[in-house]
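The residues making up each chain are set out below.
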Amino acid sequence: MEWTEHGVRFIDQTKLPGEETYLTCTTYQQVADAIRNMVVRGAPAIGVAAALGIALGVKDSKAETVGELKRELDQICEAMSKTRPTAVNLFWAIGRMREKFERIRIQPIAQIKQKLIEEAQRMHAEDIAANQAMGRHGATLLPSAGGVLTHCNAGALATAGYGTALGVIRAAVEQGKRIHVYADETRPFLQGSRLTAWELMKDGIPTTVISDNMAGAMMKQGKIGAIVVGADRIAANGDVANKIGTYSVAILAKEHGIPFYVAAPLSTIDFACVDGSGIPIEQRNAREITHFGDRQVVPEGVSIENPAFDVTPAKYVSAIITERGVARAPYGDSLLKLSNVEAAVEV
Ligand code: MRU
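Fair warning: this is a prediction, and the values are worked out from it, not measured in the lab.

1. Overview of the side chain of T4
Structurally, the position occupied by T4 is in strand β1 (residues 2-4). A polar contact is formed between the side chain of T4 and the backbone nitrogen of H6, at a distance of 3.1 Å. In this structure, T4 is in contact with R9 and T24, ignoring residues within four places of it in sequence.

Here it is, written out as structure tokens:
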């Protein structure tokens, strides 16, 4: 994703892997739609996209006073906040853009606009740097060779670049580890088979796609040495909301004695959420379950549930890899410490 003079440009993830097409959103409403419709998805990418969208909306404002501009900013932020509820990076990004506005509101409008654009671009650059740091911290945890399973897509596509879980895998491969990735296909939206496999093949990282219900058998056969996934929101106690199916993978990992790692930037940690029970879970359209493309695959009228995320209790999480270091249980202490210190440490 990138800021251009015409608007915010995204690779259209709904078209991958069949078509590599790009979409330029010229209004903030189009950016909000792109997030809602999953043209751009993945928690950190949603956050950065929202920030760029807010900058775009403010840039296009015709407001003549700072008061008017603030009212428009409120509207823009409100529209962004309605797009997807689980990824806390969205609300983190909106908050950061609002704070920036408050700090510079005494300046001329043209300058406020320019500084908000720069703030969004800074968030883009910081996200890539955070992922690279996460990669450095996490790579040491992966085995020197063998299978690593991941669920959903927590790669470059789901971030501003490099990826969280896939960033850890990329860094391990860069260090010379001979990793073979097992990518869960990730029903129903197929982020694993469509996006993770596409990204990793572009990088030449050996990848095997499995359907979600094969993960347990692969673990039993000894093909999986570690698991690494991303997160959409991590509660203060270390409970992790991530793509639906992550919880099952974590329990299978525990049963087979395989480490289960979560890689996420500090912007994914919601210290206001005491535990996972407070995390809002997005319910998506039933059509994602009832249809493959245009073909209906369930009987007409059958009841459907489609929660997009589940919550993995902290007790199944071997470590949380952040840009500032690796947190271990008890996460209530270690996450707080990492968020308060600059140094990269294992806590
Ligand atoms: O519904 P999605 O595709 O936005 O869900 C994405 C995930 O669950 C990812 O694992 C998570 O956002 C981490 S992305 C670095």
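2. Topic: the nonpolar core
In summary, soluble globular proteins display a tendency toward joint burial of nonpolar side chains. Counting residues in each nonpolar core, the largest one holds 43 residues, and the members touching the most others are F10, V31, I35, I54, M80 and M97. Counting residues per element, the ones that place at least two in this core are β2 (7-11), α1 (28-36), α2 (43-59), α3 (66-81), α4 (88-104) and α5 (109-139). The element contributing the most residues to this core is α2, with 12 residues. Setting aside anything within four residues of it in sequence, one finds I54 in contact with L73, I76, C77, M80, I94 and M97. Ranked by size, the runner-up nonpolar core spans 29 residues in total, among them M218, F260, I269 and Y316.

3. Focus: the packing of aromatic side chains
In the structure shown here, the tally under the stated rule is one aromatic pair. Ring centres of Y247 and Y316 lie 6.5 Å apart, and the angle between their planes is 70°; this geometry places the pair in the edge-to-face category. Here Y316 lies in the loop between β14 (309-312) and β15 (319-322) and Y247 lies in helix α9 (residues 246-256), a separation of 69 residues in the sequence. For Y247, a relative accessible area of 35% translates into the label partly exposed. In this structure, K243 packs its charged tip against the face of F309, placed 4.2 Å from the ring centre. In this arrangement the basic side chain of R284 is found over the ring face of F189, its NZ or CZ atom lying 5.9 Å from the centre.

4. As for the environment of M97
Summarising the element assignment, M97 is placed in helix α4. Given a relative accessible area of 0%, M97 falls into the buried group. Sequence separation between M97 and D127 is 30 residues, and the spatial gap between their C-alpha atoms is 15 Å. Each residue touching M97, except ones within four places of it in the same chain, is listed here: A51, I54, A55, L116, E119, A120 and M123.

5. Regarding unusual backbone geometry
Between L16 and the following residue, P17, the backbone shows a cis peptide bond with an omega angle of 5°. The residue P17 is located in the loop between β2 and β3 (22-25) in this model. Following R187, the chain continues into P188 via a peptide bond in cis, with omega recorded as 0°. Among the structural elements, P188 can be located in the loop between β5 (178-184) and α7 (191-203). At M38, a residue that is not glycine, the phi angle is positive and equals roughly 65°. Within the secondary structure, M38 sits in the loop between α1 and α2.

6. Considering α7
Helix length check: α7, at 13 residues, gives a terminal C-alpha distance of 17 Å against a target of 18 Å (1.5 Å per residue), a fit within 8%. Of all the bends in α7, the greatest, near 25°, is centred on A197. Buried within α7 we find Q191, G192, R194, L195, T196, A197, W198, E199 and L200. Where the residues of α7 are buried, they touch β2, β4 (145-150), α6 (165-174), β5, β6 (207-210) and β9 (240-243). One or two residues past the end of α7 sits G204, with phi positive at roughly 75°.

Criteria and thresholds
- Residues numbered from 1 in each chain as written.
- Predicted model: local features only at pLDDT ≥ 70, side-chain atom pairs only at ≥ 80, totals over all residues.
- Heavy atoms only, no water.
- Helix = DSSP H or I, 4+ residues; strand = E, 2+ residues; numbered from the N terminus.
- Polar contact = N/O pair within 3.5 Å; in protein donor to acceptor, adjacent residues only side chain to side chain.
- Contact = heavy atoms within 4.5 Å.
- Core = buried A, V, L, I, M, F, W, Y, C linked by side-chain atoms within 4.5 Å.
- Buried < 20%, exposed > 50% of the residue type's maximum accessible area, 1.4 Å probe, protein only.
- Phe/Tyr/Trp six-rings, centres within 6.5 Å; stacked < 30°, edge-to-face > 60°.
- Lys NZ or Arg CZ within 6 Å of the ring centre and 35° of its normal.
- Expected span 1.5 Å × (residues − 1).
- Bend = angle between axes of the 7 residues up to and from the residue.

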